[in-house]
Each structure stands twice: as structure tokens, then as C-alpha cells.
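Okay, here's what each chain looks like letter by letter:
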Amino acid sequence: QVQLVESGGGLVQPGGSLRLSCAASGFTFRRYVMSWYRQAPGKERELVASISTAGTTNYADSVKGRFTISRDNDKSTVYLQMNSLKPEDTAVYYCYALGLSGYWGQGTQVTVSS
């Protein structure tokens, strides 16, 4: 059974940091492109960052220089380090795996507020 379990969300003040984790199981993690998406209230889901099977990364312009995506194939886990957080980063963050099939996690809430 495929599972993507996100963790690490929460409430943080502007300028703070959070590290999201997404633990995968049930598929060959190293063969999948891993991504983080987010969806704010009333807005469409958007791509935040992705990392290829070779480790090549891609970021949305809005998070470049602040967020870092990484993966640990031995642990079947993808991470999103988020620094210098802004109120506009508030959203539900989803992990997505793309390979032979596509899989979504259940999401984790990130709220940036003073």
C-alpha cells in the first residue's frame, strides 16, 4: 500500500523556519520525482519545489533562496527546509510522488502569523 506521510507543519512567526518531511512507502522511492505543492484558502494548488531522481532541484520563483528541497533515498524521505517564512507562505503543503504513477500525501498545515 502506497503511503506518503507529511509532518513538520505548524504555526511559526514571520521570519521563522520550519522543516517539512514526507516519509514514503509502498513504491520504489528512488525512481520517483518528488515534489512539494501548497494550497492556500481560495487558491489553486501550486508547485513549490521538486527534486528529480538525480537530485536536480526546481523552485517556484516565490520561494527561491528561502526554501530547500532534498531527499534521502535510504530513508525514502523528502524534505522541505523553509526559512524566512512570510505570511503568504501560509497553506496546506502536500507531498507528491511522480513516476509510473502519481501519489499525493494528506497534507500538513503551515501557518505563518504573528
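Above this text is the structure in question.
Residues numbered from 1 in each chain as written. Predicted model: local features only at pLDDT ≥ 70, side-chain atom pairs only at ≥ 80, totals over all residues. Heavy atoms only, no water.

Novice: Could you give an account of the state of the cysteines, naming the residues involved and the relevant values?
Specialist: By the definition in use, this model includes 1 disulfide. A sulfur-sulfur distance of 2.2 Å marks the disulfide that ties C22 to C95. Judged by the sign of its S-S torsion, about -80 degrees, the bond between C22 and C95 is left-handed. Of the two residues, C22 is situated in strand 3 (residues 18-25) and C95 in strand 9 (residues 91-98); the sequence distance between them amounts to 73 residues. Like C22, the residue C95 is buried in the burial classification. (Disulfide = S-S within 2.5 Å. Helix = DSSP H or I, 4+ residues; strand = E, 2+ residues; numbered from the N terminus. Buried < 20%, exposed > 50% of the residue type's maximum accessible area, 1.4 Å probe, protein only.)

Novice: Requested: an account of the pairing of strand 1 (residues 3-7), with residues and values cited.
Specialist: Regular strands place their side chains on alternate faces of the sheet. Going residue by residue along strand 1, you find L4 and E6 tucked away on one face and Q3, V5 and S7 left uncovered on the opposite face. When strand 1 meets strand 3, the two strands line up antiparallel, connected through 5 bridges. Bridged to Q3 within strand 3 is S25. (Pairing = 2+ DSSP bridges.)

Novice: Give a detailed account of the pairing of strand 8 (residues 77-82), specifying residues and quantitative values.
Specialist: Burial analysis of strand 8 places 5 of its 6 residues in the buried class, the great majority of the element. Here strand 3 runs beside strand 8; their pairing, made up of 6 bridges, is antiparallel. Note on strand 8: the bridge partner recorded for S21 is Y79. Pairing geometry for strand 7 (residues 67-72) and strand 8, over 6 bridges, is antiparallel. In the strand pairing of strand 8, D72 is matched with T77. Here strand 7 folds back onto strand 8 in antiparallel fashion, the turn holding 4 residues, of which S76 has a positive phi close to 50 degrees.

Novice: Account for unusual backbone geometry, naming residues and giving values.
Specialist: Notably, S76 is not glycine yet its phi reads approximately 50 degrees, a positive angle. Along the chain, S76 turns up in the loop between strand 7 and strand 8. For S84, which is not glycine, the phi dihedral falls at a positive 50 degrees. Mapped onto the elements, S84 comes out in the loop between strand 8 and strand 9. S84 gets classed as partly exposed once you look at its relative accessible area, which sits at 41%.

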